[in-house]
Amino acid sequence: MAADGTATWAREEVDSYPDDNGLNPGDAGQYASMAIANDGQVWISYQDASNGVMKYAHKADGTWDVGMADAGQGPTPDGGRWTSLALDGSGNPVAAHHDNGKGNLRVAHWNGASFAGEVAAEGEAYDPPDTAADPSMASADVGEYARLAIASDGTEHIAYYDRAFGALRLASGKAGSYTVTTVDDDGDVGQWPSIAFDGSTMWIAYHDVANQDLKVATGSPGNFTVEVVDSADHVGADTHIFVDDGAVGVVYFDGFNNDMKLARHSGDGWTTDTVAGSTGALGYHNESVRIGSTRYAACYDFTARNIYFTALP
């Protein structure tokens, strides 16, 4: 990052690019999530759509290694969707993903040589009440929009969408033992969650699908306070929440105007502003990072078909 705020980008081919003979080895790279260790090692989780599994890419000493991280358990493998990767206190990667074939949330841990996967949460089918309306039954399906964050005490927290019940759930624990709690089940909520910590307080931003609002839950597993942050038309998807020096912010999508928006929390509540979008359709798949004292945000520019990157105000 240059002093004037500009960035120089380099492109690297990691997986599924044609080989020297021009042969295409498959379709991999969707739902990618990346983390960088303190020693510079890079870890990426992503879906191999050709094989229906979650793969990983690891870069150390300038070389990329790729391998299979975890497979789905359905009759036709279809895992690796909505992967979310974070590093634990030892710098080892942990990756969650949605097993679409089985309808479960899975998580995989690096053991020093390979990943070991397990089910972190299983869903229940929604059996509607016997009323005149007679809504249809919904099959169990949990784990979409999975977002993993690891607290300072090592506890892993995975926020995810329960499609059958239209609820935001949270799986908390460590390898071999996870407890599921409900964050919000008022209507149809819970897509596009993201997690940030302020000390022992957890902040979760997410989309209220039914009302097309941005919501934020604050608290701890089993004890959250929920509020509507932005109720403008068609807002709240593609969230990325962060905490900088005790100040909470959320970057998210304004689907009505095709803009990137930013909500900031203060002692008096929330303020919302448009960051970018006047010259194109922005705000898709938002991410953010802090470099030095400056917070930056990136998204997909649907108009230009490239990545948009900017410093946040």
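See the structure above.
Residues numbered from 1 in each chain as written. Predicted model: local features only at pLDDT ≥ 70, side-chain atom pairs only at ≥ 80, totals over all residues. Heavy atoms only, no water.

Asker: Lay out the packing of aromatic side chains with the relevant residues and their values.
Answerer: Across all of its chains, the model carries 18 aromatic pairs by this definition. Their ring planes at 50° and their centres at 5.2 Å tell us that Y56 and F115 sit as a pair that is tilted. Placement of the pair is Y56 in strand β3 (residues 53-60) and F115 in strand β8 (residues 115-122), with a sequence separation of 59 residues. When its relative accessible area of 13% is taken as the criterion, Y56 is described as buried. Through a chain of ring-to-ring contacts, three or more aromatic side chains come together here, namely Y31, W82, Y145, Y161 and W192. Geometry around F302 places R305 over its ring, the cationic atom sitting 4.3 Å from the centre. (Phe/Tyr/Trp six-rings, centres within 6.5 Å; stacked < 30°, edge-to-face > 60°. Helix = DSSP H or I, 4+ residues; strand = E, 2+ residues; numbered from the N terminus. Buried < 20%, exposed > 50% of the residue type's maximum accessible area, 1.4 Å probe, protein only. Lys NZ or Arg CZ within 6 Å of the ring centre and 35° of its normal.)

Asker: Pulling in residues and values, what's your account of the pattern of salt bridges?
Answerer: A full pass over the atoms with the stated rule returns 12 salt bridges. Close ionic contact of D70 with R106 constitutes a salt bridge, the shortest N to O distance being 2.6 Å. Here D70 is found in strand β4 (residues 63-71), whereas its partner R106 is found in strand β7 (residues 104-110), with 36 residues between them in sequence. R106 carries the same exposure label as D70, and that label is buried. Salt-bridge contacts for K261 lead to D230; the nearest nitrogen and oxygen are separated by 2.8 Å. Linking K261 in strand β19 (residues 259-266) with D230 in strand β16 (residues 223-230), this pair joins segments that are 31 residues apart in sequence. With respect to burial, K261 and D230 carry one shared label: buried. (Salt bridge = Lys/Arg side-chain N within 4 Å of Asp/Glu carboxyl O.)

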